[in-house]
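# Per-entry structural report
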Amino acid sequence: MARSNKILFKRRNGGKPLLIAGPCSAESEVQMLETAKGLQSSSVTLFRAGIWKPRTRPGNFEGVGLKGLHWMNEVQNKYGLRVVTEVANTAHVEACLELGIDALWIGARTSANPFSVQEIANAIRGTGIPVLIKNPVNPDIGLWIGAIERILSAGSTDIAVVHRGFSSHTKGKFRNAPLWEIPIEMKRVMPEVPILCDPSHISGNRKYLAEVSQKAMDLSFDGLMIESHIHPEEALSDSEQQLTPKATKSLIKNLVLRKTVTDNVIVNSALKELRNYIDELDDELMQIVSQRMSIVAQIAAYKKENNLSILQEKRWAQILFSRQKRAEELGLSAELFMKIFEQVHQESILIQTGILNEQNTHKTIMSSEKVL
Ligand code: PEP
Ligand code: MN
């Protein structure tokens, strides 16, 4: 089937999200066709499946290879779904181009490697094939932006990025920490690039998929990429995080889609008034922080005069304890205030260090002048 010229990846702008679903890995012709059949006549328009699987450790199932692409062709022809798979090198790209695969994705391990991304960029140059770029496994937005720039400079315009979470040495609730601030920052620095969420690889467990998908919708992501398998418990890879096609459809049906703007004049004027109020409060907050820092400077002068160390551990422990208690009394998150005061304290140490060193330099110059 010839590849369509229609742009696949667009900003949602309050409209319907783009939905991609399909198995983590292509395993057999039957598994592919049954899964696609289960997903057809839903709002899923793009069918995903990994043909070459990058596994964390060798010896696990590493994908079916080329024959999987033929099964993808069957999915295109039988169910009218467009298909997308992961590529990591020139040979993968060439095979996909030859077999009319509709779009490619660059996986998280590959987007962390500029050599590989450049190799893929060179292989797709001039073809116009749509490309999804997953975030690198490590939380480095510069590396992610670099991967996008390499693909853009190969002349690709039909691109989107996929947020799939970040690996971490500590085990949290999710398989990959979402660190939502990173995709939010990505939207700010590259507002024209559509951003999808992969709730499956973030969650690592199907029980969190609905929650993570809804969060992505609430943050105005442009679409979702969900792993779906006809028999998830028998899947050869990522079996805990895959959903049956039926469960995938029900997740999609239950998503609450919110608008980004409204033309209701009363609502808009109420929002404007409240935002003005927030602006004033933020300004007060900043003035108070500024006053707090000037007191810090005065404290630094006393410490210098009396040869006292900057870090006073007991005082710092007391601050953390009392601010946490106060946060609880105010019905606010103690964790939030821990984070805020840690930042404020770091800044305070920085200011004090600066002042103490400045006075040192000053005194050194004065005494060396005397010597002269
Ligand atoms: C996948 O989508 O199956 C995959 C391997 O994802 P990631 O590169 O995000 O780990
Ligand atoms: Mn997977």
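In case you missed it, the structure is sitting above this.
Since the structure is predicted, the reported quantities are computational estimates derived from the model, not experimental observations.

What counts, and where the lines are drawn
Residues numbered from 1 in each chain as written. Chains lettered and ligands numbered in written order. Predicted model: local features only at pLDDT ≥ 70, side-chain atom pairs only at ≥ 80, totals over all residues. Heavy atoms only, no water. Helix = DSSP H or I, 4+ residues; strand = E, 2+ residues; numbered from the N terminus. Rg over C-alpha atoms; globule rule 2.2 N^0.38 Å. Buried < 20%, exposed > 50% of the residue type's maximum accessible area, 1.4 Å probe, protein only. Contact = heavy atoms within 4.5 Å. Areas by Shrake-Rupley, 256 points an atom, 1.4 Å probe, with all protein chains shown as cover. Lys, Arg positive; Asp, Glu negative; His and termini not counted. Charge placed at Lys NZ, Arg CZ, Asp CG, Glu CD. Arc of directions from axis to C-beta. Near = heavy atom within 4 Å. Polar contact = N/O pair within 3.5 Å; in protein donor to acceptor, adjacent residues only side chain to side chain. Nonpolar A, V, L, I, M, F, W, Y, C, P; charged D, E, K, R; others polar. Pairing = 2+ DSSP bridges. Axes fitted to C-alpha atoms, helices over the stretch in contact; angles between N-to-C directions. Salt bridge = Lys/Arg side-chain N within 4 Å of Asp/Glu carboxyl O. Donors = N, O, S within 2.8 Å, 3.2 Å for Na, K, Ca; no water. Expected span 1.5 Å × (residues − 1).

All right, on to the overall build of the protein chain then. Across its full length, the protein chain carries 13 helices and eight strands. A compact globule built from 372 residues would reach a C-alpha radius of gyration of about 21 Å, whereas the protein chain, at 27 Å, exceeds it by more than 25%. Along the three orthogonal principal directions, the C-alpha set of the protein chain runs to about 85 × 60 × 40 Å. For the protein chain, the proportion of its 372 residues judged to be buried stands at 42%. In the protein chain, of all internal contacts separated by at least 6 residues, the share reaching a separation of at least 24 is 73%. Surface summary for the protein chain: the accessible area is close to 20,600 Å², and the carbon and sulfur share equals 55%. Side-chain charges of the protein chain comprise 45 positive and 41 negative groups, with the mean position of each set lying 3 Å from the other.

Attention now moves to helix α7 (residues 181–189). Taken as a whole, α7 has its buried residues at Ile182, Pro183, Met186 and Lys187. For α7, the buried positions fall inside an angular range of 145 degrees around the axis, keeping them on one side. Among the exposed residues of α7, those oriented more than 90 degrees off its buried face are Glu181 and Arg188. Packing partners of the buried residues in α7 comprise α6 (141–152), β6 (159–163) and β7 (195–197).

In this fold, Ala216 is placed in helix α9 (residues 209–218). In this structure the C-alpha to C-alpha distance between Ala216 and Trp52, which are 164 residues apart in sequence, comes to 27 Å. If we skip the residues at most four places from it in the chain, Ala216 touches Trp180, Cys197, Phe221 and Leu224.

Within the structure, ligand 1 sits among Cys24, Arg48, Lys53, Glu86, Trp105, Gly107, Ala108, Arg109, Lys134, Arg164, His201 and Glu227. A distance of 2.8 Å separates an oxygen atom of ligand 1 from a polar atom in the backbone of Ala108. Note that an oxygen atom of ligand 1 is positioned 2.8 Å from one of the side-chain N or O atoms of Lys134. Its residues placed into classes, the shell around ligand 1 shows three nonpolar, two polar and seven charged.

Before going further, it helps to examine the sheet that holds β6. Strand order in the closed barrel formed by eight strands is β1-β2-β3-β4-β5-β6-β7-β8, with parallel pairing between adjacent strands. Strand-to-strand twist across the sheet, computed as the mean angle between neighbouring axes with direction ignored, equals 30 degrees. Judged from the three bridges that link them, strand β1 (residues 18–22) and strand β2 (residues 44–48) form a sheet pairing that is parallel. Among the inter-strand pairings, Leu19 is bridged to a residue of β2, identified as Val44. Docked against the sheet, α9 engages β7 and β8 (223–227), running at close to 165 degrees with respect to β8.

Okay, the pattern of salt bridges next. Going through the model one piece at a time under the given rule, you end up with nine salt bridges. Close ionic contact of Glu329 with Arg326 constitutes a salt bridge, the shortest N to O distance being 3.0 Å. Of this pair, Glu329 and Arg326 both sit in helix α12 (residues 313–329), three residues apart, which is roughly one turn of that helix. A salt bridge links Glu335 to Lys339, with the shortest nitrogen-to-oxygen separation between them at 4.0 Å. Taken as a pair, Glu335 and Lys339 lie in helix α13 (residues 334–371) at a separation of four residues, close to a single helical turn. Residue classification places Lys339 among the exposed residues on the basis of a relative accessible area of 52%.

The residue Arg164 is located in the loop between β6 and α7 in this model. Although Arg164 lies buried, it forms no salt bridge, and the closest oppositely charged side chain, Asp198, sits 5.7 Å away as judged by the N-O distance.

Surrounding the manganese ion (ligand 2) are the protein donor atoms Cys24 (SG), His201 (NE2), Glu227 (OE) and Asp238 (OD), which sit 2.1 to 2.4 Å from the metal. Read in sequence order, the donor residues for the manganese ion (ligand 2) give the motif C-x176-H-x25-E-x10-D. Of this pair, Glu227 sits in strand β8 while Asp238 sits in the loop between β8 and α10 (245–253), and the two are 11 residues apart along the sequence. Of the residues examined, Glu227 reaches a relative accessible area of 0% and is grouped as buried.

With that out of the way, let us pick up helix α11 (residues 265–305). With 41 residues, α11 extends 60 Å between its outermost C-alpha atoms, agreeing within 8% with the 60 Å of an ideal straight helix rising 1.5 Å per residue. With a side-chain oxygen positioned 3.0 Å from the backbone nitrogen of Ile266, the residue opening α11 is Asn264. Looking at the residues trailing α11, positive phi occurs at Asn307, about 55 degrees.

A word on unusual backbone geometry. The residue Ser220 is not glycine, and still its phi comes out positive at about 60 degrees. Relative to the helices and strands, Ser220 resides in the loop between α9 and β8. Of note, the phi angle at Asn307 is positive, near 55 degrees, even though the residue is not glycine. Judged by its relative accessible area of 73%, Asn307 falls in the exposed class.

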